[in-house]
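Chain residues, written in single-letter form:
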Amino acid sequence: MPAKSKLGQNFLHDASAIQRIAAALGDCSSHTVVEIGPGRGAITHTLAARASHVLAIEVDPELAAQLRAELPPERVTVVRQDVLDFDFTGASTAAGERLLVIGNLPYYITSPILLKLAASHSALDRAVLMVQREVADRVAAAPGSRDYGLLSVTAQMYGPVEKLFTLPPSAFTPPPEVHSTVLRWRFAPRFAELGIEEADFIQFLRQIFAQKRKTLANNLRAAGMAPAAVTTALAHTGIHAQARAEALSVESLAALWRTIKTERAASPGEAAHPTTNSLL
Ligand code: SAM
């Protein structure tokens, strides 16, 4: 069966990389593992021997049928489905535990998959994911670095991300045009600890990272916040007036959002211009 490039089919054939990816998940002998995009089963066969049970979610009907024929059904359940429609919460409830996730991701939907996992965080314990190297650099980036931005803060709000190792295109058939990096993401959301509400804060992040070239203050004003309120909020949080969101830690951004909410509650109507679709 030829690989379908529109489904991001680059199959891993490097045996030692397969073992390292499976090992990165840690002990899964008493856990259910969800594999995203099992493909021809490179990782699935190894997982079948290590995990209590594997749910392998594959969108390609031909590959799903082939996997069903090859893998022991008592150890691996092959689900023919788009992973973006997969119910992680339902699967976690059925398994009676938080799930482990693994996948050499189809790169054309990396961001939607990461957002889906973030939205399903309460059903998940940890994930080991292969993504394009540049995406891994952004997801795991530290404040102030070139790669730090909305993707980094959003992912790291749901738990720490580590870059484990990088593979060259030659580890895959057919070889992709990019290098690939394996990430480990442990789900431990920080919203309660930082005193912020999840949906509000994620929307606030979208507004302050809206335009990379603008300062944080300009992005806040562009999102509809009154100039005087912007100056006050930055001063109260100890953030420089010319700072960019890309320079600030998750803790500083959370402190800024708490300040804005407190000031808005103290003087409702003064903090924002009457713009639509704005939190501020
Ligand atoms: N795990 C295999 C490996 O490492 O060799 C295959 C990885 S390949 C990069 C990505 C796999 O994801 C392909 O098998 C592809 O058919 C599958 N896929 C693509 N889009 C998908 C989707 N929306 N939902 C589930 N699987 C998908």
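Just above, that's the structure.
Conventions used here
- Residue indices begin from 1 for each chain and proceed along its sequence in written order.
- Thresholds applied to this predicted model are a pLDDT of at least 70 for local features of residues and 80 or more for the giving and counting of side-chain atom pairs; totals over whole chains, interfaces and linings are not thresholded and use all residues.
- Side-chain metrics in this entry use all non-hydrogen atoms of the structure; hydrogen atoms and water are not considered.
- A helix here means a DSSP run of H or I that spans at least four residues, while a strand means a run of E at least two residues long, and both kinds are numbered starting from the N terminus.
- When accessible area is computed with a 1.4 Å probe and restricted to protein chains, residues below 20% of their type maximum are described as buried, those above 50% as exposed, and intermediate ones as partly exposed.
- Here a polar contact means two N or O atoms within 3.5 Å. Within protein one must be a hydrogen donor candidate and the other an acceptor candidate, and residues neighboring in sequence count only if both atoms are side-chain atoms.
- Any pair of residues with heavy atoms lying within 4.5 Å of one another is described as a contacting pair.
- Here an axis means a line fitted to C-alpha atoms, over the contact stretch when the element is a helix, while the angle between two N-to-C directions is reported on a 0 to 180 degree scale.
- Oblique is the label for any angle not covered by the other classes, which are roughly parallel (under 35 degrees), roughly antiparallel (over 145) and roughly perpendicular (65 to 115).
- Amino acids are sorted into nonpolar (Ala, Val, Leu, Ile, Met, Phe, Trp, Tyr, Cys and Pro), charged (Asp, Glu, Lys and Arg) and polar (every other residue, Gly among them).
- Side-chain rings of Phe, Tyr and Trp, where Trp is taken by its six-membered ring, are said to pair if the distance between their centres is within 6.5 Å; with planes under 30 degrees apart they count as stacked, over 60 as edge-to-face, and otherwise as tilted.
- To sit over a ring, a charge needs its Lys NZ or Arg CZ within 6 Å of the ring centre and within 35 degrees of the ring normal.
- What is meant by a nonpolar core is a set of buried Ala, Val, Leu, Ile, Met, Phe, Trp, Tyr and Cys residues, joined one to another through side-chain atoms within 4.5 Å.
- We call a residue near a given molecule or strand whenever any one of its heavy atoms falls within 4 Å of it.
- Here, Shrake-Rupley sampling with a 1.4 Å probe gives the accessible areas, and only protein chains in the shown set may cover a residue.
- Only protein atoms enter the 1 Å grid, on which a cavity is a set of points fitting a 1.4 Å probe that cannot get out and a pocket is an open set with protein on both sides within 12 Å along at least 5 of 7 lines, lining residues being those with an atom within 4 Å of a point.
- Pocket occupancy is defined atom-wise: a molecule lies in a cavity or pocket when more than half of its atoms are within 2 Å of its grid points.

Draft legend 1. Structural context of the side chain of D60. As for its position among the elements, D60 is in the loop between strand 3 (53-58) and helix 3 (61-70). Overall, the relative accessible area of 1% leaves D60 in the buried class. A distance of 2.9 Å separates the side chain of D60 from the backbone nitrogen of E62, its partner in a polar contact. With residues near it in sequence (within four places) discarded, D60 still touches K4, L7, Q9 and R80.

Draft legend 2. Up close: the packing of helix 9 (residues 198-208) against helix 12 (residues 250-266). Contact geometry for helix 9 and helix 12: axes closest at 11 Å, N-to-C directions at 105 degrees. It follows that helix 9 is roughly perpendicular to helix 12 by the angle criterion. Where helix 9 abuts helix 12, its residues D200, F201, F204, L205 and I208 lie against L253, A254, L256, W257, I260 and K261. Here the contact of helix 9 with helix 12 is built from residues that sort into nine nonpolar, no polar and two charged.

Draft legend 3. A look at the packing of aromatic side chains. Evaluation of the coordinates by the stated rule reveals five aromatic pairs. Their ring planes at 25 degrees and their centres at 4.6 Å tell us that F204 and W257 sit as a pair that is stacked. In this pair, F204 is assigned in helix 9 and W257 in helix 12, connecting sequence segments 53 residues apart. Each member of the pair, F204 as well as W257, is classed as buried. Through a chain of ring-to-ring contacts, the aromatic side chains of F201, F204 and W257 assemble into a single cluster. Sitting over the ring of F165, R20 keeps its end group 3.9 Å from the ring centre.

Draft legend 4. A look at the nonpolar core. Counting residues in each nonpolar core, the largest one holds 63 residues, and the members touching the most others are F88, L117, W185, F201 and L220. Take this core: its biggest share by element is six residues, from helix 12. With sequence-adjacent residues up to four places away left out, F201 is seen in contact with M157, F191, I196, L253, A254 and W257. Of all hydrophobic cores here, the second largest spans 28 residues; its members include L12, A17, I21 and L100.

Draft legend 5. Expanded view of unusual backbone geometry. In this structure, P174 follows T173 across a cis peptide bond, with omega equal to -15 degrees. You can see P174 is positioned in the loop between strand 8 (172-173) and strand 9 (180-186).

Draft legend 6. Fine view of the site of the ligand. Close to the ligand lie 25 residues, the nearest being L12, G37, E58, N104 and Y108. Q9 has a polar side-chain atom sitting 2.9 Å from an oxygen atom of the ligand. In this structure, G39 approaches the ligand through a main-chain N or O atom, which is 3.4 Å from an oxygen atom. Out of a free accessible area of 590 Å², the ligand has 99% covered by protein chains. When atoms are counted within 2 Å of each cavity's grid points, the one that captures over half of the ligand is the largest pocket. Mapped onto the shell around the ligand, the elements with two or more residues apiece are strand 1 (11-12), helix 2 (42-50) and strand 3.

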